[in-house]
Amino acid sequence: MSESSSARLSVFKTYKLYVGGKFPRSESGRVYEVTDSKGKWLANAPLSSRKDARDAVVAARKAFGGWSGATAYNRGQILYRVAEMLEGRREQFVREVGEAEGLSKSKAAAVVDAAIDRWVWYAGWTDKIGQIVGGANPVAGPFFNLSTPEPTGVVTVVAPQDSSFLGLVSVIAPVIATGNTAVVIASENAPLPALSLGEVLATSDLPGGVVNILSGKAGEMGPHLASHQDVNAIDLAGADAALAKELEIAAADNLKRVLRPQPVDDWSADPGTVRMTAFLETKTVWHPTGSLGAGGSSY
């Protein structure tokens, strides 16, 4: 048999959404072409519809109770498992990030390594963030006064447009590290690393629905998600000024928490705790100490 007749046909990857722990195509049946920095066709990505966005919110709400109720230690273990799974698929992501952002292999590898490290970093914070934003408050009286952080709920994340993977991880990880669930609108022009991340999340012990990833137009899905009554907060990291203003106005309808776009020169820099504390609520509880009056006796 000749060499030419035995050559294999290329197997092109079909990219799908990640919603509720499953991989559906857009219910609309729409796709759009994704190209590299030089205009070369890479794949057809699903063009998500408003129905896809609604389905993602339903999945995120369904997953919220179990995820927010898990121990911080358990959430940290799962985030670390995401890093482990990414390490095993490192070469795939180096290729996809390089094509998406027009980077050399060495620069793309540095981005992927930083993204893996970012998962580990947030994994370490899951059981520590409560120590810096909560604690016992001094009060004048026979009471304990304790403040503890709790997750806000379902968070819509408009992922960065220019950092298809490291920026993406840097906005998803802090949201779920603190017990929230997320509906993510991936970078419109470079969604493939995000859609592949869904495959990693599905095999990393992360419960289905905790992270839901949509590809398509933020200008189309964003307003619907910003006004959705079952979305509690929105991160506008990847929205331009005009879209951010539109989404912030829509978000006011049910008093969502809004994290306005923050200029980031280097996504590999220390992210601090801002993105974790942005989507936490503080619950304060008063409890009697058991003191029985001025005599100081207690029971």
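Above: the structure in question.
Residues numbered from 1 in each chain as written. Predicted model: local features only at pLDDT ≥ 70, side-chain atom pairs only at ≥ 80, totals over all residues. Heavy atoms only, no water.

In spatial order, the strands read E7-E6-E5-E8-E9; together these five strands make up an open sheet with parallel pairing. Of all the strands in the sheet, the pair left with one neighbour each is strand E7 (211-214) and strand E9 (257-259). The sheet shows a mean angle of 15° between the axes of neighbouring strands, taken without regard to direction. Lying on the sheet, helix H6 (residues 166-177) is in contact with strand E5 (154-158), strand E6 (181-185), E7 and strand E8 (233-235); it crosses E6 at an angle near 160°. (Pairing = 2+ DSSP bridges. Helix = DSSP H or I, 4+ residues; strand = E, 2+ residues; numbered from the N terminus. Axes fitted to C-alpha atoms, helices over the stretch in contact; angles between N-to-C directions. Contact = heavy atoms within 4.5 Å.)

Considering the arrangement of structural elements, one finds Val175 in helix H6. For Val175, a relative accessible area of 0% gives the class buried. Taking the C-alpha atoms as reference points, Val175 and Tyr122, separated by 53 residues in sequence, lie 9.8 Å from one another. (Buried < 20%, exposed > 50% of the residue type's maximum accessible area, 1.4 Å probe, protein only.)

Take the side chain of Ser49 next. For Ser49, the position within the fold is in the loop between strand E2 (41-46) and helix H1 (50-69). Residue classification places Ser49 among the buried residues on the basis of a relative accessible area of 7%. In contact with Ser49, not counting residues within four places along its chain, are Ser26, Glu27, Ser28, Arg30, Glu220 and Met221.

The subject of this paragraph is the nonpolar core. If you look at the biggest cluster of nonpolar residues, it comprises 63 residues, and the most contacted ones within it are Trp119 and Ile176. Among the elements that make up this core, the one with the highest residue count is helix H4 (residues 105-125) (eleven residues). What Trp119 contacts, discounting residues up to four positions off in sequence, is Leu79, Val82, Ala83, Leu86, Val169, Ile172, Ala173, Ile176, Leu197 and Leu201. Residues Ala60, Met221, Leu225 and Leu247 belong to the second largest nonpolar core, which totals 25 residues. (Core = buried A, V, L, I, M, F, W, Y, C linked by side-chain atoms within 4.5 Å.)

To describe two helices that pack against each other, one gives the angle between their axes and the distance between the axes. Close contact between helix H3 (residues 90-101) and H4 brings their axes to 8 Å; oriented N to C, the two are set at 120°. Considering the relative orientation of H3 and H4, their crossing is right-handed. In this structure, H3 uses Arg90, Glu91, Phe93, Val94, Val97 and Gly98 to contact H4, whose residues at the interface are Lys105, Ala108, Ala109, Val111, Val112 and Asp113. (Left-handed = near helix turned anticlockwise from the far one by under 90°.)

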